[in-house]
Structures are given as C-alpha cells and as structure tokens.
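Commentary on secondary and tertiary structure
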Amino acid sequence: MTMKPVSPKTALGFWRLSRRHALGLCAASGGLAFLGVQASAAVSVADARAFVAATAEELFSIARSGRSVDEQRSAFRAVLERRVAIDAIARACLGIAWRSADGTQKKSYLDAFKHYVAYKYGGRFDEFRNAKLEITNARDFGERGVIVESRGTLGNGETAVVEWGVSDRSGTVLISNIVVEGLSLVTSERELIGGMLERNRGNLDGLITDLKATS
C-alpha cells in the first residue's frame, strides 16, 4: 500500500500553520535549534530514542482509551508535565516579556500556558486512534541535545516526518521541541503568544487571562 504524504494543513494533527512559522529553525545548517530551551549533552542517543518511543505510546494510548474529550485533555496535560520541558517551552514562547514579569505573574503564566496547550491539542486525539510512529534515526548534537527523527502514520494512511528535540538540562530527560514537516511547535507557539501579547498591548495579565480562557 502506498502511503500518502501528509498535507501541510493536517501535519499529523499537531498544528495548522503556514511554513513561514518555521523561520528560526537551524535544520538548514545541519542541526535543529532548541529555540531558547537549553539542552545538555548527557542524554544518550539510545535513551533519547527510547524516551520518544515511550512518549508516543503514552499519547497513542490516550487516543485509544475511549475517554471523553475533557479526560483526554487532562491526561494530555499530565503527559506534558512529566515528559515535556513545558516550563522552558513556555518561557521561550513568551520571550523577553518573561524577564519583566514578577513571581506571581510567572507562576500564573506557566499554569495558563499549560492549560492553553492542553486544551488546544488535547481535544484532537481522535486523529491518533490508529496512528503509528516509526523511529528512523537519531542524531547527537552535543550541547544542543539529541534529535530523534521519526515517521508518523495516521489511520487514513497520511504520513509526516516528525523530529523530536530531547534534552536533560533539568537532570531529567524531557522533550524540548517537536517539529512536524518543518513546522516547529516552539517557533509556531512563540509567534502566536507574541501576537496575543501584542493584542493586549504588552499587558501580561491580559495575555494570561486570554490563555486561561482558551476553549
């Protein structure tokens, strides 16, 4: 059976954005930037491959669980908090505005960002019910961490190349970025968060309110 390449619109169901959102990637120079999420070199290629495989299986198990959408979102957030460098990603997406935030704002923003991501992506697990993921390669980029390359296949036969950034900066192996067909989660969300902050005239509290209101 011939597998159909995934369309940019579908992109394995992760996000629907144009290719201009991939600006800032370093793939063209032989590596993948972690876009503000610092990595270390301690994680091994073998450990990174195993971690990605286990993470994908957890995500697919949510899709196969038959849970309600709200339960899927809750389960997805739990995976984010255990297996993804979500705090570092949130900070990278906010950019320089993080530096001027006070402690209360930072805590509120991190919680709001997790809600936003869990709600935005956690309600789409039906797309992954019969999905599969094949790890095809892994490359060690030293201080930038390990890039695990894979090919995802949806139940309808559409396929996409998925790259996973893996690091252990916090002392725990975590996913630091996901790139689907050249579209980076961190780059895409950083642009969206920046736009939301701009619409709030730079008011972080307004951005936090908008993120919490995601539905």
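Residues numbered from 1 in each chain as written. Predicted model: local features only at pLDDT ≥ 70, side-chain atom pairs only at ≥ 80, totals over all residues. Heavy atoms only, no water.

**What to know about the side chain of Glu-149**
Applicable threshold: Helix numbers and strand numbers start at the N terminus; a helix is a DSSP run of H or I with at least 4 residues, a strand a run of E with at least 2. For this analysis, residues touch if any pair of their heavy atoms sits within 4.5 Å.
In this structure, Glu-149 sits in strand β3 (residues 146–153). In this structure, Glu-149 is in contact with Glu-134, Ile-135, Thr-136, Asn-137, Arg-139, Val-162 and Glu-163, ignoring residues within four places of it in sequence.

**Re the pairing of strand β4 (residues 158–167)**
In plain terms, the rule: Burial here depends on accessible area, computed with a 1.4 Å probe over protein chains only, as a share of the maximum for the residue type. Under 20% is buried, over 50% is exposed, and the range in between is partly exposed. Two strands qualify as a pair provided that DSSP identifies no fewer than 2 bridges between them.
β4 sits mainly inside the fold: nine of its ten residues count as buried. Pairing analysis gives eight bridges linking β3 to β4, with the strands arranged antiparallel. The residue bridging Val-146 from the neighbouring strand is Val-166, located in β4. Pairing of β4 with strand β5 (residues 174–180), which is carried by six bridges, proceeds in the antiparallel orientation. Across the sheet, the residue bridging to Gly-165 is Asn-177, located in β5. Here β4 folds back onto β5, and the loop between the two strands holds six residues, one of which, Gly-171, carries a positive phi near 95 degrees.

**Here's the deal with the pairing of β5**
Across the seven residues of β5, seven count as buried, placing the element largely inside the fold. In this structure, β5 lies alongside strand β6 (residues 183–184), joined through two bridges in antiparallel fashion. Following the sheet pairing, Val-179 is matched in β6 by Ser-184.

**Re the nonpolar core**
To keep things clear, this is the line we draw: Residues enter a nonpolar core if they are buried and are Ala, Val, Leu, Ile, Met, Phe, Trp, Tyr or Cys, with the set joined through side-chain atoms within 4.5 Å.
Grouped together as the largest cluster of nonpolar side chains are 54 residues, with contacts concentrated most on Leu-94, Tyr-109, Phe-113, Ile-193 and Leu-207. Not counting residues up to four positions away in its chain, the partners in contact with Phe-113 are Ile-86, Ile-89, Ala-90, Cys-93, Ile-193 and Leu-211.

**Side note on the side chain of Asp-168**
What counts, and what does not: Nitrogen and oxygen atoms within 3.5 Å of one another constitute a polar contact, given that in protein one can donate a hydrogen and the other can accept it, and given that sequence-neighbouring residues count only through two side-chain atoms.
Here Asp-168 shows up in the loop between β4 and β5. Judged by relative accessible area, Asp-168 falls into the buried class, the value being 13%. A polar contact is formed between the side chain of Asp-168 and the backbone nitrogen of Val-43, at a distance of 3.3 Å.

**Some words on the confidence of the model for the chain**
Defined as follows: pLDDT expresses, on a scale from 0 to 100, how confident the predictor is about each individual residue.
Taken as a whole, the chain shows an average pLDDT of 82; of its residues, 81% reach a score of 70 or greater. Averaged pLDDT values for the elements of the chain fall to 42 in strand β1 (residues 4–5) and rise to 97 in helix α7 (residues 204–212). Every residue in residues 1–41 is under pLDDT 50, and counting partners more than four places away or in other chains gives 118 contacts.

**What to know about helix α1 (residues 45–63)**
Heads up, the rule is: Expected span, for any helix, means 1.5 Å times one less than how many residues it has.
With 19 residues, α1 should reach 27 Å at 1.5 Å per residue; the first-to-last C-alpha distance of 27 Å fits that figure. Summarising the contacts, the buried residues of α1 are in contact with α2 (69–83), β2 (132–140), β3, β4 and β5.

**Digging into unusual backbone geometry**
Here Glu-181, not a glycine, exhibits a phi torsion of approximately 50 degrees, which is positive. Within the secondary structure, Glu-181 sits in the loop between β5 and β6. Residue class for Glu-181 comes out partly exposed when judged on its relative accessible area of 25%. For Arg-201, which is not a glycine, the phi torsion comes out positive at approximately 55 degrees. Here Arg-201 is to be found in the loop between α6 (185–199) and α7.

**A closer look at the packing of helix α5 (residues 103–122) against α6**
Applied cut-off: Note on method: axes are straight lines fitted to C-alpha atoms, helices fitted across the in-contact stretch only, with angles between N-to-C directions ranging 0 to 180 degrees. Here the word oblique covers every angle except those under 35 degrees (roughly parallel), over 145 (roughly antiparallel) and from 65 to 115 (roughly perpendicular). Handedness of each helix crossing follows the sense of rotation of the near helix against the far helix: counterclockwise by less than a right angle gives left-handed, clockwise gives right-handed.
For the pair α5 and α6, interaxial distance at closest approach is 13 Å and the crossing angle is 115 degrees. With respect to their mutual orientation, α5 and α6 come out roughly perpendicular. For the crossing formed where α5 meets α6, the hand is right-handed. Here Tyr-109, Phe-113, Tyr-116, Lys-120 and Tyr-121 of α5 lie close against α6, whose contacting residues are Leu-185, Glu-189, Leu-192 and Ile-193.

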